[in-house]
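Report on the structure
Take a look at the letters that make up each chain.
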Amino acid sequence: MGRSPRKDLLAGLTVAIVALPLALGFGISSGAGAQAGLVTAVIAGAVAAVCGGSNLQVTGPTGAMTVVLVPIVHRYGTNGVITVGLLAGAILVALALARAGRWMAYVPVPVVEGFTLGIAAVIGLQQIPNALGVKAPAGDNPAVVAAKAAADFATHPHWAATAIAVTVVAAMLLGARLRPGVPFSLVAVVGATVVAQAAQLHVATIGHLPAGIPAPSLGFFETGHVPALLPSALAVAALAALESLMSASAADAMSVSERHDSDRELFGQGLANLAAPLFGGVAATGAIARTAVNVRSGAVSRLSALVHAAVLAVIVFAAAPLVADIPLAALAGVLIATAVRMVEVGSLRALARSGRGETLVMALTAIVTLASTLVNAVIAGLVLAGVLALRQVARAARLEQVPLHADLPPADHHEEEQRLLAEHIVAYRLDGPLLFAAAHRFLLELTAAADVRVVILRMSRVSAIDASGAKVLGDAITRLTRRGTLVLVSGVREDHRTCLDALGVLDELHATGRTFATTPQALAFAHAHLYGTGLIPAPAAVPPLERGSAGYVDV
């Protein structure tokens, strides 16, 4: 942290200015209150900065986490949210100790994009009641709540609150285009607060904030609620892990030489979520927007995130009365603008152009996020992505009939003999993965082979094989054998023998010497077999029969 303290001090101050309205807004939006958002940004931000795995990550309350916490507040109250935060922190520490950070890299891009799009929609819809100046109607679905709020506004319009929210949104979106370096969120909130106070507009404000950070207490932790809250804690932990590692990866991409430690980042986020609830905070994650501001402001070490937390702590202690006068409509405008800026239209268009499958995964994840829970959305996206991936795997597997002339030396067989061999021998090359997704199609194609005497299966290009694929291969060999077809196998890779031998697929072929290292060896065996059955007239000298080889490399 001593490399460039001046850069880190300036970056930390900039991030604090940007984070202040977001921390207040997300605290209110979660239902735990503005002070909970500020406390979370201070405590979790400082702990994660010291103990996390990224030098540039900024941690605090986020919109995605707010979406998860709202139903918990409605059902269990603030104590339930704090208990969930503690449980989630413990789960994150356990994930870090289990070195689970590397698994987050396997989440497909369409799931992440759909997840972000759905969260943006939920955040925006949640702010409609405050933006319209009406009391939030009862309900869990944000779209339904927003529709009820709009109906209430139509009956009793409150234009002052709406004007404040629209002005803040316009200032943030237009200002970001004209002067990206100016923190228009804070400028707009301060301006709206001054105007509202000067004009004595009747709009709801944040209200009283405690002048300081509450002392630690465990009185809220009710063990009787732990079993009921555990599923929510698992969802919060999963979301915190996913969003934090995504944010850390984004920080790496924006910097030159930084590389985060995924497991240490999970450990730091776990400790942050254990610490914040002790002071009345809520669950926190690495924040992509604030991390991006931190990197672009020139941060070079963890000092900037610590400065960000310290500045917010000063505001908690010294400026609580001023913060209390901020209109809720202004914070609603900040969050609506933040939701709009979360959606990368260019990325969505590029993903949509990449294929219908990716578009479908993204759309499903976004819709389930809006209609259900974030965990259900991620599960639905992963399941659909997995199904589509298996379909691609099945399509990648091919069974191709290959000509014999490449493996028959012309000097040994005259043209008429080659023609007879081609009539009675067919060679198939198996390409790609022979897995359960492609196994049924493979069986149909192979057993539909022409009425020939010998089938040679060339397996050197099989990239992977599982138990289903091995069993289907065995079934195909059995069916062909029952039809009186001699089946020969060549080029089985050594790493595939374990699965095949475990199921006994090639046992009979091994016993009768019908497995070969190369295709020419299999052809020589087939050639001799056809001579022996009289299907091809035997020449004066019959080449010796080549038995199965112990090698497993095809040519």
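Model, not experiment: these values are computed from the prediction. (Residues numbered from 1 in each chain as written. Predicted model: local features only at pLDDT ≥ 70, side-chain atom pairs only at ≥ 80, totals over all residues. Heavy atoms only, no water.)

A word on the confidence of the model for the protein
Short version of the rule: pLDDT is a residue-level measure of predictor confidence that goes from 0 to 100. By definition, any uninterrupted DSSP run of H or I lasting at least four residues is a helix, any uninterrupted run of E lasting at least two residues is a strand, and each is numbered from the N terminus.
Mean pLDDT for the protein: 83, with 88% of residues reaching 70 or above. Per-element averaging of pLDDT across the protein places helix H18 (residues 415–424) at the bottom with 67 and helix H10 (residues 262–275) at the top with 95.

Brief notes about the side chain of threonine 485
The criterion, for reference: Note on classification: 1.4 Å probe, protein chains only; a residue is buried when its accessible area is under 20% of the maximum for its type, exposed when over 50%, partly exposed between these limits. N or O atoms closer than or at 3.5 Å make up a polar contact, with two conditions inside protein: a donor-capable atom paired with an acceptor-capable one, and, for residues adjacent in sequence, both atoms drawn from side chains. Contacts: residue pairs with any heavy atoms within 4.5 Å of one another.
With respect to the helices and strands, threonine 485 occurs in the loop between helix H20 (467–482) and strand E7 (486–490). On the accessibility criterion, threonine 485 (7% relative accessible area) is buried. Here the side chain of threonine 485 touches valine 452 through a polar contact of 3.4 Å, landing on its backbone oxygen. In contact with threonine 485, not counting residues within four places along its chain, are Val452, Arg453, Val454, Val455 and Leu480.

Remarks on the environment of leucine 22
Here leucine 22 lies in helix H1 (residues 5–30). For the pair formed by leucine 22 and serine 185, sequence separation is 163 residues and the distance between their alpha carbons is 8.5 Å. Here leucine 22 is in contact with Arg290, Val334, Leu335 and Thr338, once residues within four sequence places are set aside.

Examining helix H16 (residues 356–371)
Quick note on the threshold: Between the first and last residue of a helix there are one fewer steps than residues, each counted as 1.5 Å, and that sum is the expected span. Directions are taken from the helix axis to each C-beta atom, and the arc is the one they span.
Compared with an ideal rise of 1.5 Å per residue, which puts 16 residues at 22 Å, H16 spans 22 Å between its outermost C-alpha atoms and is within 8% of the ideal. Taken together, the buried positions of H16 are Val361, Met362, Thr365, Ala366, Val368 and Thr369. The buried side chains of H16 occupy one side of the element, clustering within an arc of 165° when seen end-on. Turned more than 90 degrees away from the buried face of H16 sit Arg356, Ile367 and Ala371, all of them exposed. Next to the buried residues of H16 lie helix H4 (109–126), helix H15 (345–354) and helix H17 (374–396).

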